[in-house]
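# Structural features, examined
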Amino acid sequence: MDETRTQVAIIGAGPAGMLLSHLLAAEGVDSVVVETRSEEYVASRIRAGILEQSTVDLLRGSGLAERLEDEGDRHRGIYLQWPEERHHLDFEKLTGRSVWVYGQTEVQKDLVAARKADDQAVFYEIDDTTLDDVETDRPSVTFTDADGAPHRVVADVVAGCDGTFGPSRAAVPEGERSTWEKVYPYSWLGVLADVAPSTDELIYAWHPDGFALHSMRSETVSRLYLQVPNDTPVEEWSDDRIWESLATRLGHGQDGWTLTPGPITEKSVLPMRSFVQTPMRHGRLFLAGDAAHIVPPTGAKGLNLAVSDVGLLAPALVALLQTGDSALADAYSDTALRRVWRCTHFSWWMTTMLHQSGDPFDRQLQLSQLRWVTGSDAGATGLAENYAGLPLGY
Ligand code: FAD
Ligand code: DHB
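Along each chain, numbering runs from 1 in the same order as the chain's sequence is written. Following the order in which they are written, the chains are lettered starting with A and the ligands numbered starting with 1. Predicted model: local features are reported for residues with pLDDT of at least 70 only, side-chain atom pairs are reported and counted for 80 or more only, and whole-chain, interface and lining totals are derived from all residues. Only hydrogens and water are removed before side-chain values are computed, so all heavy atoms of the structure are retained for them.

### Considerations on the site of ligand 2
Neighbouring residues of ligand 2: 15 residues in total, closest Tyr204, Ser215, Arg217, Tyr225 and Pro297. Within the side chain of Tyr204, one N or O atom sits 2.5 Å away from an oxygen atom of ligand 2. With respect to ligand 2, the side chain of Ser215 contributes an N or O atom lying 2.6 Å from an oxygen atom. Secondary structure elements are taken from DSSP: a helix is a run of H or I of four residues or more, a strand is a run of E of two residues or more, and numbering for both begins at the N terminus. Looking at the shell around ligand 2, the elements with two or more residues in it are strand E16 (212-216) and strand E17 (222-229). Gly is placed with the polar residues, together with every amino acid not listed as nonpolar (Ala, Val, Leu, Ile, Met, Phe, Trp, Tyr, Cys and Pro) or charged (Asp, Glu, Lys and Arg). Taken together, the residues that form the shell around ligand 2 break down as 8 nonpolar, 4 polar and 3 charged. Note on definitions. A residue lies near a molecule or strand when any single heavy atom of the residue is within 4 Å of it. Identification of polar contacts relies on pairs of N or O atoms within 3.5 Å, with a donor-acceptor requirement for protein atoms, meaning one able to donate a hydrogen and the other able to accept it, and with residues adjacent in sequence counted only if both atoms are side-chain atoms.

Put into structure tokens, the structure is as follows:
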């Protein structure tokens, strides 16, 4: 079997894995990345679109923000609305922090370009990923490479950055891991449309028919979401039905605001759940990103949380591997989980405040909460602080 020796074996070439490899390389720590999908597939998955302040700060600090500075769109805040009312929350005024519209596809392209420029070893299109000896100081990852040959990467540390469905999470023995999960009784129908956004900043809309969100990817591409029942077949939603529902829920015609429809280029249904597995470390295996936790998308925390995990993990591994100082590595799980639970709560809170559950009592509470969040500086600041992102070390 072919064998490669490295300091950190990284499973998963998504944003968590590639950013970790980049941050480690900047400090002279060597890594090998392994990934089941192709480079093109990983780079073209339509996912997150909003970067919070600490994500942008980290990308800037590691030389990854050149295109983001040019092409990203900085937003001061968001709109929150319900029928007949739309309110702007100005995060910059409330907290001095802002958010950027810059798609995960673009972040991924920037990461891949930076790793290629550095000759990073990435094995794409692998199969049969297995983790071994993670409780020793010589853990390894074995797999079948793209040519069908078996391969082993022997490392000092394994980083499990393999997302929701990867094997790393289950490599923590059952008796030593705890999991928390909440499945929501609704999903999002997400569409990408070749039309200029009808709004300057994102609109989160509460509506009796269900939640709607108007987001964007650029000056010419809009990203929109509708609350739909779980297991909704995407074929039930024609383009016309989508635009009609968006117009109703987003308030077309309200105070002269109009929603401009356009050609829909992508359409999919996303289930929603909260999930956390603890601890985020077992021996020489460290988990980061969706491998350890999943949030419902309302509030745009998934990608940002993956970045903040890695922002904490990289210096911990550098200290461990270069000087033998294990203090940050020993603290990693607890430090990361503090922020994970904060974002898990925020995502749950935004989700349950804005989606229809079918319960009339919930509706009244939701409207009361929305009035408070938009009408009181204290309420607005709490939302703004969480949405624009708490500092990395929170
Ligand atoms: P991933 O991006 O999932 O990367 C993990 C990688 O590991 C993948 O490339 C996978 O192929 C690879 N892998 C899996 N198994 C193996 C294996 N056995 N061996 C090797 N490699 C493996 N977040 C938001 O904030 N806003 C959004 O609007 C939003 N929309 C989303 C829509 C969808 C459909 C999904 C799935 C997620 C969305 N998210 C969103 C969440 C966000 O995209 C994730 O939080 C983010 O991608 C996490 O990055 P990651 O690197 O941890 O995981
Ligand atoms: C997007 C997704 C979100 O979950 C969100 O809260 C804001 C924006 C997006 O895909 O653009």
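Having seen the structure, we can now continue with the description.
### Quick notes on the site of ligand 1
Taken together, 29 residues sit near ligand 1, with Glu35, Arg45, Gln104, Thr129 and Asp290 positioned nearest. In this structure, Glu35 approaches ligand 1 through a side-chain N or O atom, which is 2.6 Å from an oxygen atom. Leu303 places a main-chain nitrogen or oxygen 3.4 Å from an oxygen atom of ligand 1. Note on areas: Shrake-Rupley, 1.4 Å probe, and residue coverage restricted to the protein chains presented here. Contact with the protein chains removes 85% of the 990 Å² of surface that ligand 1 exposes when unbound. When contributions to the shell around ligand 1 are tallied by element, the ones reaching two or more residues are helix H1 (15-26) and helix H8 (302-323). If you tally residues by element for the shell around ligand 1, the top one is H8, at 3 residues. Across the shell around ligand 1, the residue classes break down as 13 nonpolar, 9 polar and 7 charged.

### Quick look at helix H3 (residues 53-61)
All buried positions along H3 are accounted for by Gln53, Ser54, Thr55, Val56, Leu58 and Leu59. Positioned one or two residues after H3, Gly63 has a phi angle of 75°, which is positive. The classification of residues rests on relative accessible area computed with a 1.4 Å probe and restricted to protein chains. Under 20% of the type maximum is buried, over 50% is exposed, and intermediate values are partly exposed.

### Details of the sheet that holds strand E1 (residues 2-5)
Backbone hydrogen bonds are what pair the strands of a sheet, in a parallel or an antiparallel way. One open sheet holds the 4 strands; their spatial order is E1-E12-E11-E10, and the pairing between them is mixed. At either end of the open sheet lies a strand with only one pairing partner, and these are E1 and strand E10 (127-132). Each strand axis lies, on average, 20° off the axis of its neighbour in the sheet, ignoring direction. Strands pair, by our definition, only if DSSP identifies at least two bridges between them. Bridge count for E10 against strand E11 (residues 140-144) is 4 bridges, and the pairing is antiparallel. Counterpart to Asp132 in the pairing with E11 is Ser140. Note on geometry: axes are lines fitted to C-alpha atoms, helical ones only across the stretch in contact, with angles between N-to-C directions running from 0 to 180 degrees.

### Looking at the side chain of Arg169
Here Arg169 is to be found in the loop between strand E13 (157-160) and strand E14 (178-193). Charge convention: Lys and Arg are scored as positive, Asp and Glu as negative, and His as well as the terminal groups of each chain are ignored. Salt bridge criterion: a side-chain nitrogen from Lys or Arg within 4 Å of a carboxyl oxygen from Asp or Glu. Salt bridges are absent for the buried Arg169, whose nearest opposite-charge side chain, Asp162, sits at 7.1 Å.

### So, the pattern of salt bridges
All chains considered together, the criterion is met by 19 salt bridges. In this structure, the salt-bridge partner of Arg5 is Asp156, at a minimum N-O distance of 3.0 Å. Residue Arg5 is found in strand E1, and its partner Asp156 is found in the loop between strand E12 (150-154) and E13; the two are separated by 151 residues along the sequence. The salt bridge involving Glu92 is made with Arg74; its shortest N-O contact spans 3.1 Å. Taken together, the residues Glu92 in helix H5 (residues 91-95) and Arg74 in strand E5 (residues 73-75) connect sequence positions 18 residues apart. Within this structure, Arg67, Glu71, Glu106, Lys109 and Asp110 form a network of salt bridges that share partners.

Just distances and angles here, no functional claims.
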